[in-house]
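Each chain is listed here by its residues.
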Amino acid sequence: MNGLRLYLRSRHVIIAVVVVAVINLAGWIIGRAEFRPNEDSVWGVPWLLFLPVASAVAVALSLRSPSDTLDRVAARPLAAWRGVHLLVVVIPSIVGTVLLSSLLSGPYGAVAGLRNVVGFTGLTLLSAVVIEGRLCWLAPLGWGIVAMTLGDPRSGMVPWDWPVRYDDDFGAFVVALVFAVAGMAAVLLGTREPRHEDQ
Amino acid sequence: MRVWWLELRRSPALLGGPLLVLLHGAITVHQLSPGTSIYLNSSSAVVSGDLLSGPLAAGLAAWVATREGRRHTAYLRVTSARGELAQPALELSVVLAVATVSYLVVAAVVLGRTAAGATWGQPHWAWLAVGWMALTLFVVAGYVAGRLVPRAWTPPAMMLCAYLAGAWNLAQYRRPWYLLSGATVEVVSVFRRLNGELLAGQALWYAGVAGALLAVAAIMLGPRRRLGVTALAGCTALAVAGAAIVIGQHNRVQTSPVSFRYACAGTAPVVCVHPAYAKGLQPLTAAFADLDRKLAGTPAGATRIEQLDSDARLRPSAGAQRFALDNLAPGYVQAAIGDFLDSAGIGPTACIDLGEQGVRSGAVIYAYMVRAWLMDSGTSQPVAVWTTQQRAMWNWFVRLGEEGRRAWLRDRFPRVVACQITAADFRTAAP
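Keep in mind that what you see is a predicted model, and the values were worked out from it rather than measured.

## Details of the overall build of chain A
Here is step 1: Counting its secondary structure elements, chain A contains 8 helices and 2 strands.
Here is step 2: Secondary structure elements in chain A, listed N-terminal to C-terminal, are α-α-β-β-α-α-α-α-α-α.
Here is step 3: For chain A, whose C-alpha radius of gyration is 17 Å, the value lies close to the compact-globule estimate of 16 Å for 199 residues.
Here is step 4: Seen through its C-alpha atoms, chain A measures out along the principal axes to roughly 60 × 30 × 25 Å.
Here is step 5: For chain A, the proportion of its 199 residues judged to be buried stands at 46%.

## So, the overall build of chain B
Here is step 1: Secondary structure assignment for chain B yields 17 helices and 6 strands.
Here is step 2: A compact globule built from 431 residues would reach a C-alpha radius of gyration of about 22 Å, whereas chain B, at 29 Å, exceeds it by more than 25%.
Here is step 3: Taken over the C-alpha atoms alone, chain B extends approximately 100 × 45 × 35 Å along its principal axes.
Here is step 4: Taken across its 431 residues, chain B has 41% of its residues classed as buried.
Here is step 5: The long-range fraction of contacts in chain B, counting pairs at least 24 apart against all pairs at least 6 apart in sequence, stands at 73%.

## Focus: the confidence of the model for chain B
Residue and element names in this part refer to chain B.
Here is step 1: Per-chain confidence: chain B averages 90 in pLDDT, with 98% of residues scoring 70 or above.
Here is step 2: Per-element confidence in chain B is highest for helix α8 (residues 125-148), whose mean pLDDT is 97, and lowest for helix α14 (residues 356-361), whose mean pLDDT is 75.
Here is step 3: ipTM for the predicted complex: 0.89, alongside a pTM of 0.89.

## Here's the deal with the nonpolar core
If you look at soluble globular proteins, the nonpolar side chains tend to sit buried side by side.
Residues and elements named next belong to chain B.
Here is step 1: Judged by nonpolar contacts, the single largest core of 122 residues is most densely connected at Ala57, Ala58, Ala61, Val95, Val139 and Tyr143.
Here is step 2: Aside from chain neighbours lying at most four places away, what touches alanine 61 is Val95, Val139, Gly142, Tyr143 and Gly146.
Here is step 3: Formed by 47 residues, the second largest nonpolar core is a distinct cluster that contains Ile305, Leu325, Cys351 and Met393.

## Examining the domain arrangement of chain B
Residue and element names in this part refer to chain B.
Here is step 1: Splitting chain B by domain gives domain 1 (2-256), domain 2 (260-344) and domain 3 (345-431).
Here is step 2: Each of domain 2 and domain 3 has a C-alpha centre, and the two are 23 Å apart.
Here is step 3: Facing the 13 residues of domain 2 at the interface are 11 residues of domain 3.
Here is step 4: Looking at the side of domain 2 that touches domain 3, the elements with two or more residues in it are α12 (281-295) and α13 (332-343).
Here is step 5: Ranked by residues supplied to the side of domain 2 that touches domain 3, first place goes to α13 with 5 residues.
Here is step 6: Residues that form the side of domain 2 that touches domain 3 fall into these classes: 7 nonpolar, 4 polar and 2 charged.

## Here we look at the confidence of the model for chain A
Here is step 1: In the predicted model, chain A carries a mean pLDDT of 89, and 95% of its residues have values of at least 70.
Here is step 2: Across chain A, helix α6 (residues 110-130) of chain A holds the top mean pLDDT of 96, while helix α4 (residues 68-73) of chain A sits lowest at 80.

## Regarding the sheet that holds strand β3 (residues 263-265) of chain B
All names here are of chain B.
Here is step 1: An order of β3-β4-β5-β6 is seen for the 4 strands of this open sheet, with the pairing classed as mixed. A single partner strand is all that each edge strand has here, and the edge strands are β3 and β6 (321-324). The sheet shows a mean angle of 25° between the axes of neighbouring strands, direction not considered.
Here is step 2: Here strand β5 (residues 304-308) pairs with β6 via 4 bridges, running parallel. Within β6, the residue paired with leucine 308 across the bridge is alanine 324.
Here is step 3: This element, α13, spans β5 and β6 of the sheet and lies at about 135° to β6.

## Digging into the interface of chain B and chain A
Here is step 1: Taken residue by residue, the interface counts 25 residues in chain B and 17 residues in chain A.
Here is step 2: Of all the elements in the fold, those that place two or more residues in the side of chain B that touches chain A are α2 (13-31), α4 (50-65), α5 (67-71) and α9 (154-170) of chain B.
Here is step 3: Within the side of chain B that touches chain A, the residues separate by chemical class into 20 nonpolar, 3 polar and 2 charged.

## Section: the environment of B:Trp408
Here is step 1: Topologically, B:Trp408 is positioned in helix α17 (residues 401-417).
Here is step 2: The spatial distance from the C-alpha of B:Trp408 to the C-alpha of B:Asp50 is 55 Å, given a sequence separation of 358 residues.

## Here's the deal with the packing of helix α10 (residues 196-221) of chain B against helix α11 (residues 225-248) of chain B
All names here are of chain B.
Here is step 1: As a packed pair, α10 and α11 sit with axes 7 Å apart at the nearest point and diverge in direction by 155°. With respect to α11, the element α10 is oriented roughly antiparallel. Crossing hand, α10 versus α11: left-handed.
Here is step 2: When grouped by side-chain class, the residues that make up the contact of α10 with α11 number 21 nonpolar, 7 polar and 2 charged.

## Describing helix α16 (residues 388-399) of chain B
All names here are of chain B.
Here is step 1: The end-to-end C-alpha distance of α16, which contains 12 residues, comes to 16 Å, matching closely the 16 Å that a straight helix rising 1.5 Å per residue would cover.
Here is step 2: Buried residues in α16 make contact with α15 (363-375) and α17.
Here is step 3: One or two steps after α16, the chain reaches glycine 401, where phi turns positive at roughly 85°.

## Some details on the environment of B:Ser259
Residues and elements named next belong to chain B.
Here is step 1: Looking at the secondary structure, you find serine 259 in the loop between β2 (254-257) and β3.
Here is step 2: For serine 259, a count of 6 C-beta atoms within 10 Å corresponds to the exposed category.
Here is step 3: Expressed as a C-alpha distance, the spacing of serine 259 and arginine 192, which sit 67 residues apart in the sequence, is 8.5 Å.

## Some remarks on the pairing of β5(B)
Residues and elements named next belong to chain B.
Here is step 1: For β5, a buried count of 4 out of 5 residues is recorded, marking the element as mostly surrounded by other parts of the structure.
Here is step 2: Note: strand β4 (residues 270-273) against β5, 3 bridges, orientation parallel. Bridged to valine 271 within β5 is isoleucine 305.

## Some details on the packing of helix α7 (residues 138-150) of chain A against α2(B)
Here is step 1: Two elements in contact, α7(A) and α2(B), have axes whose closest approach is 11 Å; the angle formed by their N-to-C orientations is 5°. The orientation of α7(A) relative to α2(B) falls into the category roughly parallel. Along its contact with α7(A), which presents A:Gly142, A:Val146, A:Thr149 and A:Leu150, the element α2(B) presents B:Leu19, B:Leu23, B:Ala26, B:Ile27 and B:His30.
Here is step 2: Among the residues forming the contact of α7(A) with α2(B), the class breakdown is 6 nonpolar, 3 polar and no charged.

Conventions and cut-offs
- Residues numbered from 1 in each chain as written.
- Chains lettered and ligands numbered in written order.
- Predicted model: local features only at pLDDT ≥ 70, side-chain atom pairs only at ≥ 80, totals over all residues.
- Helix = DSSP H or I, 4+ residues; strand = E, 2+ residues; numbered from the N terminus.
- Rg over C-alpha atoms; globule rule 2.2 N^0.38 Å.
- Buried ≥ 20, exposed ≤ 12 C-beta atoms within 10 Å, placed from the backbone.
- Contact = placed C-beta atoms within 7 Å.
- pLDDT = per-residue confidence, 0-100.
- Core = buried A, V, L, I, M, F, W, Y, C linked by C-beta atoms within 7 Å.
- Domains from an automatic or database assignment.
- Nonpolar A, V, L, I, M, F, W, Y, C, P; charged D, E, K, R; others polar.
- Pairing = 2+ DSSP bridges.
- Axes fitted to C-alpha atoms, helices over the stretch in contact; angles between N-to-C directions.
- Parallel < 35°, antiparallel > 145°, perpendicular 65-115°, else oblique.
- Left-handed = near helix turned anticlockwise from the far one by under 90°.
- Expected span 1.5 Å × (residues − 1).

Here it is as structure tokens:
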């Protein structure tokens, strides 16, 4: 029990859950507000669908170890701990986003919300493993702003802009799911941290 | 200089450089007018790239700025033989250099492609320089934020806030302060000149705000606070002056019409386009000659047709008629013919004043049929939403033959432009 308490404290898990809750509260305030790429645009993307980026970054930052070198030589395997930790912070994020996005009307709804929260979380975790733990925000934010600005939800092309596609876009959901599975599997081994930077 | 290169290798700038090029290039290519090679459009597209690369540059700069805080090495900077501001200046200069190189790479590629096909104009260096200053402002804002709040969440928060502010500002295009943002997307016309005063105001504003932010950071980090306060006051005054100029321009990105010599071809009618659109002249000439044969004998026949943009305040020369054309994307000839017919009052636009009544009486559909024939060979398929009766009318109109349709139009032209065509008009003439 002492180990669990120390783990929770070292990863700031409680703070991460609170941040996710605050982000969901912000989503409730945002409501149905839409982003339109230009004044003539016939479609808009609810800002709510962009919000999971913030939750995903909070989740990934909490998964970083404050003492990565020690973690890597520890006798106790930490993959299971990380897995449970991930579920504890991701589930509130998923539940909050799905509930909020189910209030949207039109072609966007709970499916798009679920797709974006799992997709962005997976992409953020991949970024934390491949690039660096503290730079976990680079890929999801970069991808997110490009998709929001240049994506077309009605496009029939490869769903590179999956965060803005409509609910019924199967390809977009598959892309998000691939990111989610790859990211969550990769992060069980720990995020990538610079050598000798245990702080 | 060796220290500068060491800093470049340590910072995430080498990773960020390609990303900056990618994001800036993505929106720049998206903003290029299809089918054309126009320097004004290219310059505008490069400047609008700041909408995506600016937030990323701000995030990267904030990341670099938080390094001292997360490694707890502030004592090294303070106790070093070098000035206390030397290290921050070094870090900032590296991020700024990477952002500048990425901006230059995109600008060089886009302007090089434009130069290969351009038939008019030259790059707008002043505008490109102002776009670079806006990018610089993003970098400085990100760096100062990272220095003042050296937390793990500062870089993503900075990037997110910078993007949200830019995206929100896009919807505020009617507000007088819209052009104070470092990330705007402008659609510009080759028929008007750029507003030099606006560019000067923006340059002052960006330089002033960036200078003020740096002064704040210097006051917080450096020993010479009095100098910092003086610099802050000076830069604030500069920013206020710039903001006053920008707001005073009332969002006028372009001002008076620019003088140029039309490129013309054809005889009946003479078709003239802006020299930047010279590649489209021959197809347009052929299409307008075809249309002229259909309109022969009606008041809509023209001897000279000039290209203008969609701004109704621009007038063609005396005796000429106009059409609007913004790009040379596939279908541009049809778009030009359609705009010419709209300005001549032929087609559904003639029925606008009738409102709902025009739709109920079918007058809009009949006007559409006439326009559909004028825009192509008259062999189009009936529109799916038409009723059986309307399809029969269209088939009758097609069976009239080319000469029959021309005679039909000559007889009914005043009623066509007045949107008074009825179902009876499609049954009276013999096929």
